[in-house]
Amino acid sequence: MIEIKNLSFKYENSDTNALTDLSIKIPDGQIVLLCGESGCGKTSVTRLINGLIPHYYEGTIEGKVVVNNMDISNAELYETAKHVGSVFQNPRSQFFCVDTTSEIAFGCENMGLPEDEIRDRIKKTADEQNITNLLGRNIFNLSGGEKQKIACASVSAVNPDVFVLDEPTSNLDMNAIYKLREVVQLWKRQGKTVVISEHRIHWLSDICERVIYLKGGSVRMDSSMEEFTHLSPQKIRKMGLRSLILNCKLSTDNISCTNNTIDFHNFKYSYNEKHDALNVNELSLPCNEIVAVIGHNGAGKSTFSKCLCGLQKKFRGSITLNGLEIKKKMLLKKCYMVMQDVNHQLFCESVLDEVQLGMSDENKGEVEKVLDMLDLSSVTERHPMSLSGGQKQRVAIASAILAGKELLIFDEPTSGLDYRHMNETAQLFSDLKGKNSIFIVTHDPDLICSCCTHILHLENGCVKASYPLDRNGEKNLKLFFDKN
């Protein structure tokens, strides 16, 4: 049993409550979806259950959190970890070991279990979750989906009664999402309690039994999944939520309108001598358009992006923009990249300073316009690291747009964004069409169909397909997501 009773919480150095007078009871064995717009308090609820609040994230707390008769606020984190297993949005943030087998064993070793029992748990967990092929691997060589599998296995091996997942699919392709779905179904059969904070809710409609909708740090709706699925699409959008049905229907703005091109010649990169992570012989893409870069986790999308913006200095080949070859040193000056983990590129003491950091000339009106479009005007004086994941993502996007670079590259820009903020981000990208060449690495069909004009499909580091996102392109895109 999980019980959160009359709980209010305010993060240290914050002026407002993250949660206000929150009361939730979750019985044993229930699968619960926490949903709501970015910053509504979903992540804070997960941190209460696993004890990260108040032991890691400090602040002012009132009320009680009890899990399996344990007062989480007063229990040590190592005691809480025996009862609650956590899978975070970015699995890399919870890894302690270099190889996968050691990582799965790590929690069991911390509990002081005998070596034979630890080996048995590793084997049992790997067999149950079909990941025996991932044992003994270097964690740094895994794809995003494979890392998520190891994160799930590492908490499963400890055998807690409760699992908490915070935005677990934000960086996963459809195939990896359905693999994660199988793991959650396994936990469900085992009678575990699972609490999932999520924006991409389409994969949970027949797994979760209950939906808790949060707004402004309070519960605004608490219903069965059956009742929730009967809400109209208009009502769900008004709540700021993504659709319950995977959508690949194009916006009327997805029309390419340029004859200028960006050309890639023998564009290659290798992390080792045996295997090319990127191998693009000849590729021509439209200039000043919005190109969606799609493919499975590990297909080479992020490598392509890093080479394009000059971060991988040893890549081979050349890029021609509007007939002029761009030297490798010039790529860094012409490009701006928003990384998948934006925590690595937030440097300033305030949001306002952060978004102006890359600007060559002051333009107060343009800054205000972008901040307003991305719903950041109310947090300009906040420290970027004090924001929610979705808000941080929008700060990084604002910084990129205001930097005024010719080529903008975004790696999973809608990771952690709700429906409303995804739409606002898509509109900003659309406004830049014709002015900047935009490359968006994404697994988000909603974003692609809202603003992109061209598809670049990579697999195994090679170009599998490249096509305009017209009506024929819509069919190809739908086929890609249906198959995966």
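Thresholds applied
- Residues numbered from 1 in each chain as written.
- Predicted model: local features only at pLDDT ≥ 70, side-chain atom pairs only at ≥ 80, totals over all residues.
- Heavy atoms only, no water.
- Helix = DSSP H or I, 4+ residues; strand = E, 2+ residues; numbered from the N terminus.
- Rg over C-alpha atoms; globule rule 2.2 N^0.38 Å.
- Buried < 20%, exposed > 50% of the residue type's maximum accessible area, 1.4 Å probe, protein only.
- Contact = heavy atoms within 4.5 Å.
- Areas by Shrake-Rupley, 256 points an atom, 1.4 Å probe, with all protein chains shown as cover.
- Expected span 1.5 Å × (residues − 1).
- Arc of directions from axis to C-beta.

Student: If you had to explain the overall build of the chain to someone new, which residues and values would you point to?
Tutor: Within the chain, the secondary structure is distributed over 17 helices and 20 strands. Relative to the globule expectation of 23 Å for 484 residues, the C-alpha radius of gyration of the chain, 23 Å, shows essentially globular dimensions. The C-alpha extent of the chain, read off along each of the three principal axes, is 70 × 50 × 45 Å. Evaluated residue by residue, the chain yields a buried proportion of 56% over its 484 residues. Counted over contacts in the chain with a minimum sequence separation of 6, partners at least 24 positions apart contribute 70%. Of the roughly 21600 Å² of accessible surface on the chain, a fraction of 46% belongs to carbon and sulfur atoms.

Student: With reference to specific residues and values, describe helix H6 (residues 144-158).
Tutor: Helical periodicity: at 3.6 residues per turn, an α-helix aligns residues three or four positions apart in one direction. In this model H6 runs 22 Å from its N-terminal to its C-terminal C-alpha over 15 residues, within 8% of the 21 Å that 1.5 Å per residue would give. Counting buried residues along H6, twelve of its 15 residues qualify, which places the element largely inside the surrounding structure. Burial in H6 covers these residues: Gly145, Lys147, Gln148, Ile150, Ala151, Cys152, Ala153, Ser154, Val155, Ser156, Ala157 and Val158. Where H6 is buried, its residues meet strand S6 (84-87), helix H4 (100-110), helix H5 (115-128), strand S7 (162-166) and helix H7 (174-189). Residue Asn159 follows H6 closely and has a positive phi angle near 65°.

Student: Just give me the short version of H5, but keep the residues and values in it.
Tutor: The end-to-end C-alpha separation of H5 is 20 Å, in line with the 20 Å expected for 14 residues at 1.5 Å each. Among all positions of H5, only Ile118, Ile122, Thr125 and Ala126 are buried. Buried residues along H5 cover an arc of 100° about the axis, so they all sit on one side. Exposed side chains of H5 directed beyond 90 degrees from the buried face belong to Asp116, Asp120, Lys123 and Lys124. Considering only its buried residues, H5 is in contact with H4 and H6.

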